[in-house]
Amino acid sequence: MSKKIKLYMLSGFLGAGKTTFLKSVLNDISDKKVGVLMNEFGKISIDGEIVKRDGLELVEINRGSIFCSCLKLSFVDTMCKMADLDLDYLFVESSGLADPSNVDDILFGVKHNKGDFYDYKGIISIVDALHFFDQLEDLETVERQIKHCHLAVINKTDLVDKETVEKIKEKITEINPKTTIQEASFAKFNYDFLNEDLLKNQWAESEETTNTKENKPKTLMLTYEGVVNKEDLTKYLEEVSKHTFRMKGFVKLDDGWNQVDVVNRKIDYKPCEEKPEGCQLVLISKIGPAIIKPAIETWKELIPVEMKLKN
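The numbering scheme is per chain: residues are counted from 1 as the chain's sequence reads. In view of the model being predicted, local features appear only for residues whose pLDDT reaches at least 70, and side-chain atom pairs are presented and counted only at 80 or more, with totals across whole chains, interfaces and linings using the full set of residues. Note that water and hydrogens are dropped before the side-chain values are worked out from all heavy atoms of the structure.

S.K.: Any details on the packing of aromatic side chains? Residues and values, ideally.
M.R.: The rule is short: rings of Phe, Tyr and Trp, with Trp giving its six-membered ring, pair when the centres are within 6.5 Å, and they are stacked under 30 degrees, edge-to-face over 60, tilted in between. Considering all chains together, one arrives at 15 aromatic pairs under this definition. Relative to Phe91, the ring of Tyr8 lies with its centre 5.4 Å away and its plane at 15 degrees, an arrangement referred to as stacked. Placement of the pair is Tyr8 in strand β1 (residues 5-11) and Phe91 in strand β4 (residues 89-93), with a sequence separation of 83 residues. Each ring, one from Phe189 and one from Phe193, has its centre 6.0 Å from the other, and the planes form 25 degrees; the classification is stacked. Each member of the pair, Phe189 as well as Phe193, is classed as buried. Among the aromatic residues, those joined into a ring-pair cluster are Tyr8, Phe21, Tyr89, Phe91, Phe189, Tyr191 and Phe193. Counting from the N terminus, the helices are the DSSP runs of H or I reaching at least four residues and the strands are the DSSP runs of E reaching at least two. Burial here depends on accessible area, computed with a 1.4 Å probe over protein chains only, as a share of the maximum for the residue type. Under 20% is buried, over 50% is exposed, and the range in between is partly exposed.

S.K.: For a negative patch on the surface, give the residues involved together with the corresponding values.
M.R.: Together, Asp104, Asp105, Glu205 and Glu208 line one region of the surface with negative charge. Along the chain, Glu205 falls in the loop between β7 (180-183) and β8 (219-224). A patch consists of residues whose relative accessible area exceeds 30% and which take part in no salt bridge; residues with like charges are grouped when within 9 Å of each other, and nonpolar side chains (Val, Leu, Ile, Met, Phe, Trp, Tyr) when within 5 Å. In short, Shrake-Rupley with a 1.4 Å probe defines the accessible areas, and a residue's cover is counted only from the protein chains shown. A pair is scored as a salt bridge if a Lys or Arg side-chain nitrogen falls within 4 Å of a carboxyl oxygen belonging to Asp or Glu. Two residue types count as positive, namely Lys and Arg, and two as negative, namely Asp and Glu; His and chain ends fall outside the count. For this purpose, a charge sits on NZ of Lys, CZ of Arg, CG of Asp or CD of Glu.

S.K.: Quick one: what's the story with the sheet that holds β1, residue by residue and with numbers?
M.R.: For two strands to be treated as a pair, DSSP must find at least two bridges joining them. Ordered in space as β3-β2-β4-β1-β5-β6-β7, the seven strands form an open sheet in which the pairing is parallel. For this open sheet the edge positions go to β3 (57-62) and β7, each flanked by a neighbour on one side alone. Between one strand and the next, the sheet's axes are offset by a mean angle of 20 degrees, whatever the strand orientation. Summarising the sheet, strand β2 (residues 34-40) and β3 pair through six bridges and their orientation is parallel. Lines fitted to the C-alpha atoms define the axes, with helices restricted to the stretch that makes contact. Angles between their N-to-C directions range from 0 to 180 degrees.

S.K.: Please provide a residue-by-residue account of the side chain of Asn211, values included.
M.R.: As for its position among the elements, Asn211 is in the loop between β7 and β8. Looking at Asn211, its side chain comes within polar contact range of the side chain of Ser65, at 2.8 Å. For Asn211, the residues in contact, after removing those within four places along its chain, are Ser65, Phe67, Cys68, Leu97, Ala98 and Asp99. Here a polar contact is taken to be a pair of N or O atoms separated by no more than 3.5 Å, where protein atoms must pair a possible hydrogen donor with a possible acceptor and residues adjacent in sequence count only if both atoms sit in side chains. Any pair of residues with heavy atoms lying within 4.5 Å of one another is described as a contacting pair.

S.K.: I'd like to hear about the environment of Gln135, residue by residue, with values.
M.R.: Inspection of the secondary structure puts Gln135 in helix α5 (residues 132-138). On the accessibility criterion, Gln135 (5% relative accessible area) is buried. Sequence separation between Gln135 and Asn264 is 129 residues, and the spatial gap between their C-alpha atoms is 9.7 Å. Setting aside anything within four residues of it in sequence, one finds Gln135 in contact with Phe13, Leu14, Asp128 and Val142.

S.K.: Got a sec to walk through unusual backbone geometry? Specific residues and values, please.
M.R.: Most peptide bonds take the trans configuration, and most residues that are not glycine carry a negative phi. Here Asp86, not a glycine, exhibits a phi torsion of approximately 55 degrees, which is positive. Inspection of the secondary structure puts Asp86 in the loop between α3 (72-82) and β4. Positioned with a positive phi, Ala187 is a non-glycine residue whose angle comes to about 60 degrees. The residue Ala187 is located in the loop between β7 and β8 in this model.

S.K.: Requested: an account of the pattern of salt bridges, with residues and values cited.
M.R.: Scanning the model with the defined rule gives 21 salt bridges in all. Linking Arg144 and Glu207 is a salt bridge whose minimum nitrogen-to-oxygen distance equals 3.7 Å. Of this pair, Arg144 sits in helix α6 (residues 140-147) while Glu207 sits in the loop between β7 and β8; the two residues are 63 residues apart in sequence, bridging distant segments of the chain. Take Arg144: its relative accessible area is 12%, and that puts it in the buried class. Glu174 is the partner of Lys171 in a salt bridge, and the nearest nitrogen-oxygen pair spans 3.1 Å. Taken together, the residues span about one helical turn, with Lys171 and Glu174 both in helix α7 (residues 162-175) at a distance of three residues. Residue classification places Lys171 among the partly exposed positions, given a relative accessible area of 25%. With relative accessibility at 57%, the residue Glu174 sits in the exposed group. Ionic contacts of the salt-bridge type, sharing partners, join the residues Asp99, Glu140, Arg144, Lys147 and Glu207 into one network.

S.K.: Quick rundown of the nonpolar core? Include the residues and the values.
M.R.: For the purposes of this section, nonpolar cores are sets of buried Ala, Val, Leu, Ile, Met, Phe, Trp, Tyr and Cys residues that join through side-chain atoms within 4.5 Å. Membership of the largest hydrophobic core comes to 48 residues, with the highest contact counts inside it found for Leu7, Met9, Phe75, Met79, Leu90 and Tyr118. Among the elements that take part in this core, α3 stands out by supplying five residues, more than any other. Not counting chain neighbours up to four residues away, the residues in contact with Met9 comprise Phe67, Phe75, Val92, Val103, Leu107, Tyr120, Gly122, Ile123 and Ile124. Counting 25 residues, the second largest nonpolar core, distinct from the first, contains Leu22, Leu56, Leu151 and Val153.

S.K.: Go over the environment of Val160 with me, naming the residues and quoting the values.
M.R.: Take Val160: it is sitting in the loop between β6 (151-155) and α7. Sequence separation between Val160 and His131 is 29 residues, and the spatial gap between their C-alpha atoms is 9.8 Å. Leaving out residues up to four positions away in the same chain, Val160 has contacts with Ala129, Leu130 and Val165.

Right, here's the structure in full:
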């Protein structure tokens, strides 16, 4: 083929800043034809709404990890179809709980079924400087994401001191001695990697992913109609976040429409446009289906607006 599609995979735990990073990169290469394959565990994508723009080919695969056997074939099939779109770049943003250890199997499947359409450039892993050590201690997924990346970006460096950043670098190097490390704030850094050979840093062999049907996290969608007081919703999020990896969505509050993002009890609001599909909040549970009871009871206790909770 005269032109192959440059393929980048994005990994990083929930809330690390993958979507913010992706949005910045897309602005940097706005003159190119770009595709995005976005993967979320929830039934409905929230991040897809954030990166949408004219001329962008956006495809979503939800309800699981694209590296798990439950969605691996869908992932291969989608990449085969996107090969026909005459793209310059394809970015794959995997779920925050995705373990990309078996990415070589995916690429082999695409090449076998479709042909040699992609120029695989490597995995970029976004690291949450604020929560990294807690996540690393609790979740094997975080270590796997770093072990199999070709560029590690330590994001949110504005929220920690220099000593913490250095400790994170040391730990990343311990897990993956070959990867390049960059620092970022608000997921912005030098995008020269687009012209570099990241694969020169590969050292870990492909291995079986830890993502399985059995360990897929419970994800719920909370919806409501009307307007909720911002102070009341903040109290709700503070309480329920004890039981979740992450909450995110679009909500209508007394100060207007907001994009809300909750990671490790840190709550961020950002004004946004009205969403025709209504107020939607995704909850990714740490405690499985047991999240249902506190999610419902806390809402009834704090917020005088009817809500619905769906799988």
